[in-house]
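Coordinate analysis (summary)
Letter by letter, the chains look like this.
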Amino acid sequence: MEVSEAIQKRVTTRRWKQVPVEKEKILSVLQAGRRAPSWGNVQPWRFVVIQDQAKIAELAKLAGGQPHIGAAPAIIVCCGFMEAFSKSMHRESLKQLIQAGVMDWPDELLDNIVLGSDLFAPYRLGEQAMTIKASEQVMISIAYMTLEAVNQGLGCCWAGAISRKEVHNLLNLPDNWFVHDFLLLGYADENPKPRPRKPLSEIAFWEKV
Ligand SMILES: Cc1cc2nc3c(=O)[nH]c(=O)nc-3n(C[C@H](O)[C@H](O)[C@H](O)COP(=O)(O)O)c2cc1C
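Residues numbered from 1 in each chain as written. Predicted model: local features only at pLDDT ≥ 70, side-chain atom pairs only at ≥ 80, totals over all residues.

If you walk across this open sheet you meet the four strands as β1-β2-β4-β3, and the pairing is antiparallel. The two strands at the open ends of the sheet, each matched to only one other strand, are β1 (45-50) and β3 (155-159). If you compare each strand with its neighbour and ignore which way they point, the axes differ by 25 degrees on average. Pairing of β1 with strand β2 (residues 74-81) involves six bridges; the strand directions are antiparallel. Counted as the bridge partner of Val49 is Ile76 from β2. In the packing of helix α3 (residues 53-61) onto the sheet, the strands contacted are β1, β2 and β4 (177-186), and the crossing angle to β1 comes to about 120 degrees. Sheet strands in contact with helix α7 (residues 127-151) are β1, β2, β3 and β4, and its direction is about 155 degrees off that of β2. (Pairing = 2+ DSSP bridges. Helix = DSSP H or I, 4+ residues; strand = E, 2+ residues; numbered from the N terminus. Axes fitted to C-alpha atoms, helices over the stretch in contact; angles between N-to-C directions. Contact = placed C-beta atoms within 7 Å.)

What follows is the structure in structure tokens.
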């Protein structure tokens, strides 16, 4: 499927056929998340796949009882790893880019310019900036996964109205992870119309506003 076709076809699904999603399809979706662009290549996303119906029921309760969450055949709990933007881990990620031969920065540039700059290194601005940056990255990965879900013939629903701390506790996640959003996956049992969007004339501008 062409990317633009997947973009056009993606709609939020809230009615599911009660059939499981094949592991290969979930793996393809996760692979798309893994390929999302990442600041400094820190890749702070972490994904927990839940297919156990009892756990899904618990997750739905922690999402205000949204019925389409409880009925979803699979949920990817999309999390962030806060320390990915610490100085040492950000440096490690950049070093990996150098080792992979995709960047040829000398250590001096890495330490003095990149990691020494408020512009390039979120750790310098504190924990809040690091968490915002990690959240942003997780969201990009979710967006990628929605498109691969379409490519795999799956419906999906991004769900952010969730009690994050409670989900964290329920799944016994590591302390240095934070829960971001759910991505529900399954075969759609509906054919929703594309939701309206603002016209380009209202949101896009050439050269000046
Ligand atoms: C960050 C985010 C959080 C969302 N949270 C929920 C949610 O908790 N429950 C839900 O049913 N839909 C949720 N949605 C889906 C939106 O309601 C949906 O994308 C929007 O209505 C536009 O429809 P479309 O996705 O079909 O274009 C969320 C979407 C995003 C991007």
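Moving on from the model shown.
A few words on the site of the ligand. As a structural note, the neighbourhood of the ligand is formed by Val11, Thr12, Arg14, Gln66, Cys157, Trp158, Ala159, Gly160, Ala161, Asp181 and Arg195. With three residues, β3 is the single largest residue contributor to the shell around the ligand. Across the shell around the ligand, the residue classes break down as five nonpolar, three polar and three charged. (Near = placed C-beta within 6 Å. Nonpolar A, V, L, I, M, F, W, Y, C, P; charged D, E, K, R; others polar.)

In short, the description is geometric, and any link to function would need to be established separately.
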